[in-house]
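Chain by chain, the residues run as shown.
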Amino acid sequence: MTQQPAFNSDAAIQALRAVLAAIIAAAFIGLVVLLAAVLTAAAFVVAGLAVLGAGAYWVYRKVRGRRKTDSSVLVARRGPHGWTVDGTSAPRS
């Protein structure tokens, strides 16, 4: 009758390798999920900053208005001899 050992060292090593492989796989999957979450959060931050910047620019344009210099529009100013639109203070004759 042959004796069979109660503890098989090859089976224990294989079980240890399987456990370590499972731990490494779980850590890798966790790292990928964490990286995806961080990149998604960063994208949300960038998009939020872009929206805030666009809103601030829109408010700035609304408050400041458009300042186009149009030389075809005459602006009447009061001079020493009455109202003038040509920029001179001499009266027309």
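This structure is a prediction, so every number in the text was calculated from the model and none was measured.

The next thing to look at is the overall build of the protein chain. Secondary structure assignment for the protein chain yields 1 helix and 2 strands. Starting at the N terminus and walking to the C terminus, you meet the elements of the protein chain as α-β-β. Sorting the 93 residues of the protein chain into buried and exposed places 3% on the buried side. Carbon and sulfur atoms provide 68% of the accessible area of the protein chain, an area that totals close to 8,800 Å².

So, about a nonpolar patch on the surface. Taken together, the side chains of L16, V19, L20 and I23 make up a nonpolar region of the molecular surface, amounting to roughly 370 Å² of accessible area. A residue is classified by how much of its surface remains accessible, and L20, at 46% relative accessible area, is partly exposed.

Because the α-helix completes a turn every 3.6 residues, residues three or four places apart line up on one side. A rise of 1.5 Å per residue sets the reference length of helix α1 (residues 9–64), with its 56 residues, at 82 Å; its end C-alpha atoms lie 81 Å apart and thus fit the reference within 8%. Just past α1, the residue G65 takes up positive phi, approximately 80°.

This part covers the confidence of the model for the protein chain. Overall, the predicted model of the protein chain reaches an average pLDDT of 83, with 77% of residues at or above 70. For the protein chain, the element scoring lowest by mean pLDDT is strand β2 (residues 82–84), at 72; α1 scores highest, at 94.

Conventions we followed
Residues numbered from 1 in each chain as written. Predicted model: local features only at pLDDT ≥ 70, side-chain atom pairs only at ≥ 80, totals over all residues. Heavy atoms only, no water. Helix = DSSP H or I, 4+ residues; strand = E, 2+ residues; numbered from the N terminus. Buried < 20%, exposed > 50% of the residue type's maximum accessible area, 1.4 Å probe, protein only. Areas by Shrake-Rupley, 256 points an atom, 1.4 Å probe, with all protein chains shown as cover. Patch = residues over 30% accessible without salt bridge, like charges linked within 9 Å, V, L, I, M, F, W, Y side chains within 5 Å. Salt bridge = Lys/Arg side-chain N within 4 Å of Asp/Glu carboxyl O. Expected span 1.5 Å × (residues − 1). pLDDT = per-residue confidence, 0-100.

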